[in-house]
Amino acid sequence: MNIVNDHFCTWINNLSSRINTQSVKGIIECDFVIIGAGITGLSAARKLGELNKNHNIYLVDAQIAGEGASSRNSGFLVDTTLNDGFTSDTDLENYKKKTDIYKLGIEAVKKFMQEYQVDCDLNECGKYYASSKISDLKILENFSKILSKLNHQNHLLFKNDLKKELGTNFYNVGLYTKGGILLNPAKLVRAMINALPNNVKLFENSFLINWKIHNGQIVCKFKNGIIKSKKIIFATNGFLKSLGIKKNYNFPLTLTASMTRPLTNKEYSDIGSPKEWGVLSVRPMGATVRMTKDKRILIRNTAEVSNPFKMTKLELDKRAAIQKIGIKKRFPQLPDDIIESTWSGIVSRTRNSSQIFEKLDDNVFVAGCYNGSGIGVGTLFGEQIAIKAFNETSEEIKIIEKKKKPTWLPPTFFLDIGVKTRLMYERLRSRSDI
Ligand SMILES: Cc1cc2nc3c(=O)[nH]c(=O)nc-3n(C[C@H](O)[C@H](O)[C@H](O)COP(=O)(O)OP(=O)(O)OC[C@H]3O[C@@H](n4cnc5c(N)ncnc54)[C@H](O)[C@@H]3O)c2cc1C
């Protein structure tokens, strides 16, 4: 098995290609090895490198660093979520614990950006939860009450306002929340790679085949080499299960998204020249849609149980067709051939949508499973798991560890059936908003 780099995602294609990459060769030793160079692994490596400049840190990825889900997401840096998993968040105290973590995540991203002078098209424009179904007003009214109790500014909107603000008359009801942020994920991740301290060595195109603890040392096997390390951090998110990490507590989901070319001035003015915006669906399987800074439309409207190591071009084309319909429903006036790229990405879920942040053994640590909030929470968890692996603690760790732990999942066969049935049910309920 391996994870293949593809060139399907516009966010990544718009950056310069990474050059002079190195892969693991021979037998090498270090103090810390981090597996996975997405937002979590990059944040962990940066923090570890800062904590002790004399430590030798290896950061390893199966593909080009950062080019997994971390650079191919929809770019919502969220302060709240409505559909974070398969359970509803009616319990205010638990929801507050969740939003406390999102808040710390936003602060971690902003602090990183400020410290390293990062430009990743960050726009604090808030976000919308919107639906074409007027009957979803009830859900939004309830959610609005919860948000107000937690002091998140928000207001309800209806068709005409939504049309004015989004340029589409597809949505009938919506809730605007002031706190959401939009950004370009690939630019953020590239900045994280550039910010790696000197004592962090990055190895790419190096797939971890297996690992073991031998005489108190961590031994990691790759195709062309072995890394021996004192401690290890797993930051492989959607691939945790395939490495046997917390395998009864998380499972991968494959998401696909499409992005259009930039709209022409005429196309843009025909839809009312709206400012940059982002819409999250009211229903779990509905579409996430964005108007980007450079006037492209991004849509993510599939989530499924699939082989995380492979989605063929043919399978991707079928998802692109679903995304084309999604764009057409919202912007019927735009041409049919407007999609520029379609890509897939792997995320990790837990049964109760709680994240994983744990010491698994004396020298083994893991952080992951953020559902739809990995930009902020991944940055936070990466930094904090580094602090934990360094045998220190922080106020953030105390807050993170107050959250519910992920709950146990049934064996894969039953899990697959359960998740597929649930996704099918949610897809049916969301079908108007895909
Ligand atoms: C289409 C899509 C839209 C999304 N939208 C949003 C959004 O709007 N907002 C948000 O906050 N989140 C969103 N997410 C989720 C977010 O992208 C993830 O939560 C986040 O990227 C997780 O970061 P990570 O570093 O933990 O994992 P990843 O970015 O998945 O990084 C893990 C890395 O581990 C590597 N790896 C795996 N197995 C091995 C191995 N055996 N050996 C070596 N390396 C290995 C992989 O190559 C990968 O680079 C979205 C995800 C997708 C796919």
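Residue positions are given per chain, counted from 1 along the sequence in the order it is written. Where totals are concerned, whole chains, interfaces and linings use all residues; where local detail is concerned, this predicted model gives features only for residues with pLDDT of at least 70, and gives and counts side-chain atom pairs only at 80 or more. Values shown for side chains rest on all heavy atoms present in the structure; no hydrogens or waters enter the calculation.

1. Details of the sheet that holds strand β5 (residues 154-158)
Within a sheet, each strand pairs with its neighbour through backbone hydrogen bonds, oriented either parallel or antiparallel.
Now for step 1: By the convention used here, strands pair only if DSSP detects at least 2 bridges between them. The helix count covers DSSP runs of H or I at least four residues long, the strand count covers runs of E at least two residues long, and both are numbered beginning at the N terminus. Read across the open sheet, the eight strands follow the order β5-β6-β4-β13-β14-β15-β12-β16; overall the sheet is mixed. Pairing within the sheet leaves two strands with one partner each, and these edge strands are β5 and β16 (339-349). Neighbouring strand axes in the sheet, compared pairwise and without regard to direction, differ in orientation by 20 degrees on average.
Now for step 2: Here strand β13 (residues 277-281) runs beside strand β14 (residues 288-291); their pairing, made up of three bridges, is antiparallel. Paired with V279 across the bridge in β14 is V289.
Now for step 3: Along the sheet, helix α4 (residues 137-149) contacts β4 (127-131), β5 and β6 (173-177); its crossing angle with β6, the most-contacted strand, is approximately 15 degrees.
Now for step 4: Residue contacts follow a heavy-atom distance rule, with two residues in contact if any of their heavy atoms lie within 4.5 Å. Fitted lines through C-alpha atoms serve as axes, helices being fitted only where they are in contact, and the angles separating the N-to-C directions of these axes extend from 0 to 180 degrees. Running over the sheet, helix α8 (residues 313-330) touches β12 (251-260), β14, β15 (297-304) and β16 and is turned about 130 degrees from β15.

2. Thoughts on a nonpolar patch on the surface
Now for step 1: Patches here are clusters of residues that have more than 30% relative accessible area and form no salt bridge, with a 9 Å joining cutoff for like charges and a 5 Å cutoff for nonpolar side chains (Val, Leu, Ile, Met, Phe, Trp, Tyr). Method for areas: the Shrake-Rupley scheme with a 1.4 Å probe, in which residue coverage is limited to the protein chains shown. In the sections that follow, a salt bridge refers to a side-chain nitrogen of Lys or Arg positioned within 4 Å of a carboxyl oxygen of Asp or Glu. Residues I134, L156 and F158 make up a contiguous nonpolar surface patch of about 250 Å² in total accessible area.
Now for step 2: Tracing the chain through its elements places F158 in strand β5.

3. Thoughts on the packing of helix α2 (residues 39-51) against helix α9 (residues 374-389)
Now for step 1: Running from amino to carboxyl end, α2 crosses α9 at an angle of 35 degrees, the nearest separation of the two axes being 7 Å. Of the two elements, α2 crosses α9, and the hand of that crossing is right-handed. Within the contact between the two elements, α2 uses I39, T40, S43, A44, R46, K47, L48 and L51 and α9 uses G374, I375, G378, T379, G382, E383, I385, A386 and I387.
Now for step 2: Its residues placed into classes, the contact of α2 with α9 shows eight nonpolar, six polar and three charged. By the definition used in this description, the sense in which the near helix is turned from the far one sets the handedness, with an anticlockwise turn below a right angle giving left-handed and a clockwise turn giving right-handed. For this scheme, ten residues count as nonpolar: Ala, Val, Leu, Ile, Met, Phe, Trp, Tyr, Cys and Pro. Four count as charged, namely Asp, Glu, Lys and Arg, and the remainder, Gly too, count as polar.

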